[in-house]
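# Architecture at a glance
Listed here are the chains, written in short residue letters.
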Amino acid sequence: MKIEYSLLKTEKNTKARLGKIKTNYGTYDTPMFMPVGTRATVKSLSKEELKAAHAGIILSNTYHLWLRPGPDVIKNCGGLHKFMSWDGPILTDSGGFQVFSLAKNKEKDITEEGVHFKSHIDGKELFLTPEKSIEIQNKLDSDIAMSFDECPPYPVTYDYMKKSVERTLRWAKRGKAVHNNPNQALFGIVQGGEFQDLREYSCKETVKMNFDGYSIGGTSVGEDKPTMYKMIDDGIRYLPEDKVRYLMGVGDPIDIIEGVIRGVDIFDCVLPTRIARHGQAFTRTGKINLNNAQYKEDLEPIEKECDCYTCKNYSRAYIRHLITTGETLGGRLLSIHNIRFLIKLTEELREAIKNDTILEYRQKFIEKYQTKKEK
RNA sequence: GCGGCGUUGGUGAAGUGGUUAACACGCUGGUUUGUGGCACCAGUAUGCAUGAGUUCGAUCCUCAUACGCCGCC
C-alpha cells in the first residue's frame, strides 16, 4: 500500500495538527521529525540507536544513491530497506537540491528537459531529469518519493521565480506520469519563494495533480525568519486537510515549532547530525558548543533531564575531549542526543496539540531557549 | 679556554633599517536548516634573549653579556 494519513485533531487556537501516518512498516504519529540519512545511513548511527531515539521515517537521497552504489545494486540487494537493514519507513529526496548546487552555469545547465551537472566524485558529466529521478526512486523502493523540483536560491526576481514555478509544475507532471511503484507514495512540492501569488498558484496547481502528500519547498535558503514563516503560511492554506504536509529541510527547534503551529506535519533536517559533528548540542536553554573551554571538567551530562543514551552515560567533559581530539565517538554521541532532542520536541508538541496548549508551549520553549542569547 | 653558528608568540617557524612582524599548528569564540566537499569565519607577539651604541628611525647594523649547539686544544 501507499501511505495513509489521517487527521486526528486540529489544535484549538492554531492550525497545528495531530495526525497519523500509516505505512507498510507501522503507524507513526505526527508532527514528526525525520533524521536525514543521505547515503543510506544516518551518519554514524546504527538502526538500534535510531530506534532508541524513537525515529520514525528516515530520509535518504536519490542523487547520492544514484552515484553510489547505484540503483540497480540496491534493487538487486532487495531494495533500500533490506540493503541498509532499516525496518521502518524511508523517504527519498529527489536529488534536485544536490544537482542544483552542482550545476555550475545555472542559466545554461538548467533546461526544460532536466539539469546538467558534474559528479562530485569524478567530475563526470551527468544529466538528471524528472523521469530519471522517479525511476531511480522506484528502484530504491523507498516508501515516499519526492517529485523532482527546482529549488531556487534566495532571492531571485519575480520573473525568474514565475518561470521556475511553472517548470517545476511541468516536471511534477512528468515525474508522476512515469511513477510506477505501487508500494511507494509520491509527494508534490510547492514552490514560489516569497511571492504570495506564486505560492498560491504553485500550490493549487500541484494539488490538482493529486499527490499522496505535499511538501513546502524553497524555504531555509537564506531568507529571514518572518519571510520563511510567511512562505509556509502562503502555501499551506491551499493544501488539502487529509494529506501530509512536509516542510523540507527545516530543523531548527524554533522553526519546527513555528512550522507545526502553521499546520506542518513532518520535517527533516541535517542540522542535528551536522552540528553534532562540529561539536554542538541542542539544549533547552539553547545550543551549546562542546568545544568551549568551560566544559573541560564539566561532569554533568549535556542535559540532566534528557532521556537519550548519551545523556544517560557520558559527561560534557568526556564529549568535549572526544570532540577536541577529533575522535569519531564524539560526533556520534552528539548526533544521538541532537536527534533525540528534536524527536522529543515533536512528542511534546503532539501533547500540546492534544491539550490545546501549543501557544503556551511555544512561549515557554522560546523563552527558555533564548535565555543564553540575551545575556 | 679559543673559534664558528644560533637565540622571533603556547609550538614549528618566515622576514625587513622606516606606517598594522608572513604562514602553519595550537588556543579562544562563532557559523551550519530538502548534507557533493565534512568544513567555514573571526580573534590570538605594543613585540623579535638582555644591556649599551650607530642612526632622524633598529627585531634587522656594531659591541658586550647570558644561554644553546658544533669544532679545536
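What counts, and where the lines are drawn
Residues numbered from 1 in each chain as written. Chains lettered and ligands numbered in written order. Predicted model: local features only at pLDDT ≥ 70, side-chain atom pairs only at ≥ 80, totals over all residues. Heavy atoms only, no water. Helix = DSSP H or I, 4+ residues; strand = E, 2+ residues; numbered from the N terminus. Rg over C-alpha atoms; globule rule 2.2 N^0.38 Å. Buried < 20%, exposed > 50% of the residue type's maximum accessible area, 1.4 Å probe, protein only. Contact = heavy atoms within 4.5 Å. Lys, Arg positive; Asp, Glu negative; His and termini not counted. Charge placed at Lys NZ, Arg CZ, Asp CG, Glu CD. Pairing = 2+ DSSP bridges. Axes fitted to C-alpha atoms, helices over the stretch in contact; angles between N-to-C directions. Polar contact = N/O pair within 3.5 Å; in protein donor to acceptor, adjacent residues only side chain to side chain. Parallel < 35°, antiparallel > 145°, perpendicular 65-115°, else oblique. Left-handed = near helix turned anticlockwise from the far one by under 90°. Nonpolar A, V, L, I, M, F, W, Y, C, P; charged D, E, K, R; others polar. pLDDT = per-residue confidence, 0-100. Phe/Tyr/Trp six-rings, centres within 6.5 Å; stacked < 30°, edge-to-face > 60°. Lys NZ or Arg CZ within 6 Å of the ring centre and 35° of its normal. Salt bridge = Lys/Arg side-chain N within 4 Å of Asp/Glu carboxyl O.

Once that is clear, we can look at the overall build of chain A. From N to C terminus, chain A includes 17 helices and 15 strands. The C-alpha atoms of chain A give a radius of gyration of 20 Å, which matches the 21 Å a tight globule of 375 residues would have. Projected onto its principal axes, the C-alpha coordinates of chain A cover approximately 60 × 50 × 40 Å. A total of 375 residues make up chain A; the buried ones form 57% of that total. Restricting the contact set of chain A to residue pairs at least 6 apart, pairs at least 24 apart contribute 67%. Across chain A, the 57 positively charged side chains and the 52 negatively charged ones have centroids separated by 2 Å.

This paragraph deals with the sheet that holds strand S2 (residues 17-23). The strand order across the open sheet formed by three strands is S1-S2-S3, and the pairing between neighbours is antiparallel. This sheet does not close on itself; its edge strands, each paired only once, are strand S1 (4-10) and strand S3 (26-30). Put simply, the sheet's adjacent strands are angled 20° from each other on average, direction ignored. Two strands pair when backbone bridges link them, and S1 and S2 are joined in this way by six bridges, in the antiparallel orientation.

Turning our attention to the side chain of Asn-181. Residue placement: Asn-181 occurs in the loop between helix H8 (158-178) and strand S10 (185-190). A distance of 3.2 Å separates a polar side-chain atom of Asn-181 from the backbone oxygen of Asn-138. At a separation of 2.9 Å, a polar atom in the side chain of Asn-181 contacts the main-chain amide nitrogen of Asn-183.

Let us look at the packing of helix H11 (residues 253-261) against helix H15 (residues 328-354). H15 packs onto H11 with a crossing angle of 30° between their chain directions and a minimal axis gap of 11 Å. Taken together, the axis directions place H11 and H15 in an arrangement best described as roughly parallel. Pair H11 / H15 crosses with right-handed handedness. Together, Pro-253, Ile-256, Ile-257 and Val-260 of H11 and Phe-341, Leu-342, Leu-345, Thr-346, Leu-349 and Ile-353 of H15 make up the contact between the two elements. Grouping the amino acids of the contact of H11 with H15 by side-chain chemistry returns nine nonpolar, one polar and no charged.

Looking now at the environment of His-337. For His-337, the location among the structural elements is in helix H15. Sequence separation between His-337 and Cys-306 is 31 residues, and the spatial gap between their C-alpha atoms is 8.3 Å. Setting aside residues up to four positions removed in sequence, His-337 forms contacts with Ala-281, Phe-282, Ile-302, Glu-303, Cys-306, Cys-308, Thr-310 and Cys-311.

Summary statistics for chain A give a mean pLDDT of 95 and a share of 99% for residues scoring 70 or more. Of the two predicted TM-score estimates for the complex, the pTM is 0.95 and the ipTM is 0.90.

So, on to the packing of aromatic side chains. Tallied over the full model, the rule gives twelve aromatic pairs. Just above the ring of Trp-86 sits the side chain of Lys-51; from NZ or CZ to the centre is 4.4 Å. Between Lys-176 and the ring centre of Phe-211, over which it is positioned, the NZ or CZ distance is 5.8 Å.

A few words on the pattern of salt bridges. Under the counting rule described, the total for this entry stands at 29 salt bridges. Here Asp-72 ties to Lys-139 by a salt bridge, and the two come within 2.9 Å at their closest N and O atoms. Here Asp-72, found in helix H3 (residues 71-76), pairs with Lys-139, found in helix H7 (residues 130-140); they are 67 residues apart in sequence, far enough to count as distant. Take Lys-139: its relative accessible area is 31%, and that puts it in the partly exposed class. We note a salt bridge from Glu-112 to Arg-170, for which the minimum N-O separation is 2.7 Å. Of this pair, Glu-112 sits in the loop between helix H6 (106-109) and strand S7 (115-118) while Arg-170 sits in helix H8, and the two are 58 residues apart along the sequence.

Among the six residues in S10, six count as buried, and that is most of the element. Alignment of S10 against strand S11 (residues 213-216), held across four bridges, turns out to be parallel. Paired with Val-190 across the two strands is Ile-216, which belongs to S11.

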